[in-house]
Amino acid sequence: TLTKPEKVTLLLGVRTDYSSEFGLFTTPRIHLKLMPAHEMTIRLSAGTGTRFTNLFTDFPFIMTTNRSIVISEKLKPEQALNVGVNISKEWDFDGGNINWTADFYRTDFINQAIADMDYSPQEIVFSNLHGKSFANSFQTDVNVKWNKNFSTRAAYKFYDVRQTYHGLLLEQPLNPKQRALFNAAFNTNN
């Protein structure tokens, strides 16, 4: 960790793991935090990730279907490259404050377990990724504390998630593209 107080923090990290089935693998990461103005923070991050697929916890819907589960090849660990940016800013006003945050993250998969539910109406076919797969995520939210008793929150999230099925890069099924939230909270004096 390298730090210039109140301005910059740089964090470098690396993790090395050994799997008896897949051998040695390393996952590096880098995080940079900048504070360019009063009550404003910018965070940048990048790194890799590796995880092992467990079909029953990663795809719980397969236990509720009458389809046969077919594993067409030995599933390799999922590997991905992640990059992202987060910006947050806070403003104070008489009796309250506003907090705004925006995030953008992208994950490019090197390998991924793919559940193909369109191959056959009687089967769910699992395989490794053969082609491209990525996930883009954008989120922004505004929290306003109007006074000591009343606050509101509004948020919006956009997902663009695509995987390669049968040589075609398609949207991942059953994944909502847009989400929104509004919340208002009131506390009584008692």
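> Help me understand the pairing of strand β6 (residues 78-93) in this model?
The side chains of a regular strand alternate between both faces of the sheet. Two strands pair when backbone bridges link them, and strand β4 (residues 40-51) and β6 are joined in this way by 12 bridges, in the antiparallel orientation. Across the sheet, residue S45 finds its bridge partner in β6, namely G84. Strand direction decides the pairing type here: β6 and strand β7 (residues 96-111), joined by 15 bridges, are antiparallel. Counted as the bridge partner of D92 is N97 from β7. Count of turn residues in the β6/β7 antiparallel hairpin: 2 residues, of which G95 carries a positive phi of about 90°.

> Before we go on, may I ask you to explain the pattern of salt bridges in this structure?
Oppositely charged side chains may form a pair once their charged atoms are brought near each other. For the coordinates displayed, the defined rule picks out 7 salt bridges. Here D17 and R15 are joined by a salt bridge, their closest N and O atoms 2.7 Å apart. Accessibility expressed as a relative area gives 53% for R15, which makes it exposed. For R162, the salt bridge goes to D160, with nearest N and O atoms at 2.8 Å. The exposure class of R162 is partly exposed, given its relative accessible area of 24%. Here the salt bridges do not stand alone but share partners, grouping R51, D58 and E78 into one network.

> Before we go on, may I ask you to explain the packing of aromatic side chains in this structure?
Aromatic ring pairs: the centre-centre distance and the angle between the two ring planes describe each pair. For the coordinates displayed, the defined rule picks out 5 aromatic pairs. For the pair F22 and F52, a centre-to-centre distance of 5.5 Å together with 20° between the ring planes defines the contact as stacked. Highlighted residues: F22 in the loop between β2 (8-19) and β3 (23-37) and F52 in the loop between β4 and α1 (55-58), separated in sequence by 30 residues. Given the relative accessible area of 30%, F22 is considered partly exposed. When the ring of F59 is compared with that of F126, the centres are 5.1 Å apart and the planes differ by 65°; the resulting orientation is edge-to-face. With F59 in the loop between α1 and β5 (68-71) and F126 in strand β9 (residues 123-128), this pair connects stretches of sequence that are 67 residues apart. Among the residues examined, F59 registers a relative accessible area of 14% and is labelled buried. For F126, a relative accessible area of 0% puts it in the buried group. An aromatic cluster of at least three residues, connected via ring pairs, comprises F22, F25 and F52. For the cation-ring pair, R106 lies above F134, with the distance from its terminal atom to the ring centre recorded as 4.4 Å.

What counts, and where the lines are drawn
- Residues numbered from 1 in each chain as written.
- Predicted model: local features only at pLDDT ≥ 70, side-chain atom pairs only at ≥ 80, totals over all residues.
- Heavy atoms only, no water.
- Pairing = 2+ DSSP bridges.
- Helix = DSSP H or I, 4+ residues; strand = E, 2+ residues; numbered from the N terminus.
- Salt bridge = Lys/Arg side-chain N within 4 Å of Asp/Glu carboxyl O.
- Buried < 20%, exposed > 50% of the residue type's maximum accessible area, 1.4 Å probe, protein only.
- Phe/Tyr/Trp six-rings, centres within 6.5 Å; stacked < 30°, edge-to-face > 60°.
- Lys NZ or Arg CZ within 6 Å of the ring centre and 35° of its normal.

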